[in-house]
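As a plain string of letters, each chain reads:
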Amino acid sequence: MKRTLLLFAFLCATIAASAQSPESGYRSYVDLGHSFATQTNEYYDTSESHIDVSTSHGYSYKGLFYVGGGLGLTSMYSWGFEILALPVFADLRAYAPTKGAVKRYLGLRTGVSCGLTLVVGGPTMGVGFYLNPSLGIEIDRVDISLSYVQQEHCAYNMGEGIMFRLGYRFGK
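The shown structure was predicted, so the numbers you read here are calculated from the model rather than taken from an experiment. Just so you know, the residues in each chain are numbered from 1, in the order the chain's sequence is written. Per-residue local features of the predicted model are confined to residues with pLDDT of at least 70, and side-chain atom pairs are confined, for both listing and counting, to 80 or more; whole-chain, interface and lining totals are unaffected and use all residues. Each side-chain value is worked out from all heavy atoms of the structure, with water and hydrogens disregarded.

(A) Structural detail: the overall build of the protein chain. Strands are runs of DSSP state E lasting at least 2 residues, helices are runs of H or I lasting at least 4, and numbering of each runs from the N terminus. Regarding its fold elements, the protein chain presents one helix and eight strands. The buried label goes to any residue with under 20% of its type's maximum accessible area, the exposed label to any with over 50%, and the partly exposed label to all in between, with areas taken from a 1.4 Å probe on protein chains only. Relative to its 172 residues, the protein chain shows a buried fraction of 40%. Only heavy atoms matter for contacts: two residues are in contact if any of them lie within 4.5 Å across the pair. Within the protein chain, residue pairs in contact and separated by at least 24 positions form 55% of the contacts whose partners lie at least 6 positions apart. Accessible surface area values rest on a Shrake-Rupley calculation with a 1.4 Å probe, where residue burial reflects the displayed protein chains alone. Total accessible area computed for the protein chain in this model is approximately 9,400 Å², and 72% of it derives from carbon and sulfur atoms.

(B) Region of interest: empty space enclosed by the protein. Here the term cavity refers to a set of points on a 1 Å grid, laid over the protein atoms alone, in which a 1.4 Å probe fits but cannot get out; the term pocket refers to an open set having protein on both sides within 12 Å along at least five of seven lines, with lining residues being those that place an atom within 4 Å of a point. Grid points are joined across faces, edges and corners, and a volume is the space filled by probe spheres set on the points. Applying the stated criterion to the full structure yields two cavities of 30 Å³ or more. The wall of the largest cavity is formed by Asp91, Arg93, Tyr105, Gly107, Leu108, Arg109, Asn132, Ser134, Asp143, Ser145 and Arg165. Looking at the lining of the largest cavity, the elements that each hand over two or more residues are β4 (81-95), β5 (102-115), β6 (126-139) and β7 (142-153). Looking at which element gives the most residues to the lining of the largest cavity, the answer is β5, with four residues. Here the residues of the lining of the largest cavity sort into two nonpolar, four polar and five charged. When residues are grouped by polarity, Ala, Val, Leu, Ile, Met, Phe, Trp, Tyr, Cys and Pro land in nonpolar, Asp, Glu, Lys and Arg in charged, and all others, Gly among them, in polar.

(C) Examining the packing of aromatic side chains more closely. Stacked, tilted and edge-to-face are the three classes applied to pairs of Phe, Tyr and Trp rings, where Trp contributes its six-membered ring and a pair requires centres within 6.5 Å; stacked means planes under 30 degrees apart, edge-to-face means over 60, and tilted covers the rest. Under the criterion given, the structure shown has four aromatic pairs. Both rings, one in Tyr29 and one in Tyr66, keep their centres 5.3 Å apart while their planes meet at 85°; by these two values the pair is edge-to-face. Of this pair, Tyr29 sits in strand β1 (residues 25-37) while Tyr66 sits in strand β3 (residues 65-78), and the two are 37 residues apart along the sequence. One exposure class covers both Tyr29 and Tyr66, and it is buried. If you follow Arg93 out to its NZ or CZ, it ends over the ring of Tyr29, 3.9 Å from the centre. Here, a charge over a ring is recorded when the distance from Lys NZ or Arg CZ to the ring centre is within 6 Å and its angle to the ring normal is within 35 degrees. A cation over a ring is seen here: Arg93 above Tyr105, with NZ or CZ 4.5 Å from the ring centre.

(D) Region of interest: the environment of Gly33. Within the secondary structure layout, Gly33 lies in strand β1. For Gly33, a relative accessible area of 3% gives the class buried. With 19 residues separating them along the chain, Gly33 and Asp52 place their C-alpha atoms 4.8 Å apart. Leaving out residues up to four positions away in the same chain, Gly33 has contacts with His50, Ile51, Asp52, Met163, Phe164 and Arg165.

(E) Fine view of the layout of surface pockets. Each pocket or cavity is described by its volume, and for the largest pocket that value is around 150 Å³. Lining the largest pocket we find Glu23, Lys62, Gly63, Leu64, Tyr95, Ala96, Pro97, Thr98, Lys99, Gly100 and Lys103.

(F) The arrangement of the confidence of the model for the protein chain in detail. Summary statistics for the protein chain give a mean pLDDT of 80 and a share of 70% for residues scoring 70 or more. A score from 0 to 100, pLDDT tells how confident the predictor is in each residue. When the criterion is pLDDT under 50, residues 11-20 qualifies, and its contacts beyond four places in sequence or with other chains add up to three contacts.

(G) Region of interest: a nonpolar patch on the surface. For patch detection, residues must exceed 30% relative accessible area and be free of salt bridges, and they are connected within 9 Å for like charges or within 5 Å for nonpolar side chains (Val, Leu, Ile, Met, Phe, Trp, Tyr). When a carboxyl oxygen of Asp or Glu is within 4 Å of a side-chain nitrogen of Lys or Arg, the pair counts as a salt bridge. Among the surface-exposed residues, Val30, Val102, Ile139, Val142, Leu146, Ile162, Phe164, Leu166, Tyr168 and Phe170 lie close enough to one another that they form a single nonpolar patch of about 830 Å² accessible area. When contributions to the nonpolar patch are tallied by element, the ones reaching two or more residues are β7 and β8 (156-171). Relative to the helices and strands, Phe164 resides in strand β8.

Next comes the structure, spelled out in structure tokens:
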């Protein structure tokens, strides 16, 4: 009986120690992105570039997975108008198991994008789909990624292109 209790106590201590890995815990990102649009549609000249500022907050597990939620602000220039959008997204990342300061990852941000600007003659107010898969690296706390981004409002594609993102990580 004593051996069983000691074994159980040892297993509980081992599990607790592994859960308190130096790489596990709260993590947040603040980043700035610039996208180069790849298409034009009948309502908007989306061939111009977009600027994006966003933040994401969540939990990192052993430095291999990150799950969080985020909020951004996107500024798009189209036909002489500035159009603002507010993407709200889930942020998922899977890191390659490596040692050292440089870490590679695959990321996915997906959610909704809310139009904040009303332009006469165009459907920019409303909610649409937001998709942002990415490939990136973290060098110490600096985050660099290249991604595809798509934002829709009221079923109209408001922005689609390739985005370069530079950010900073807070937390573990």
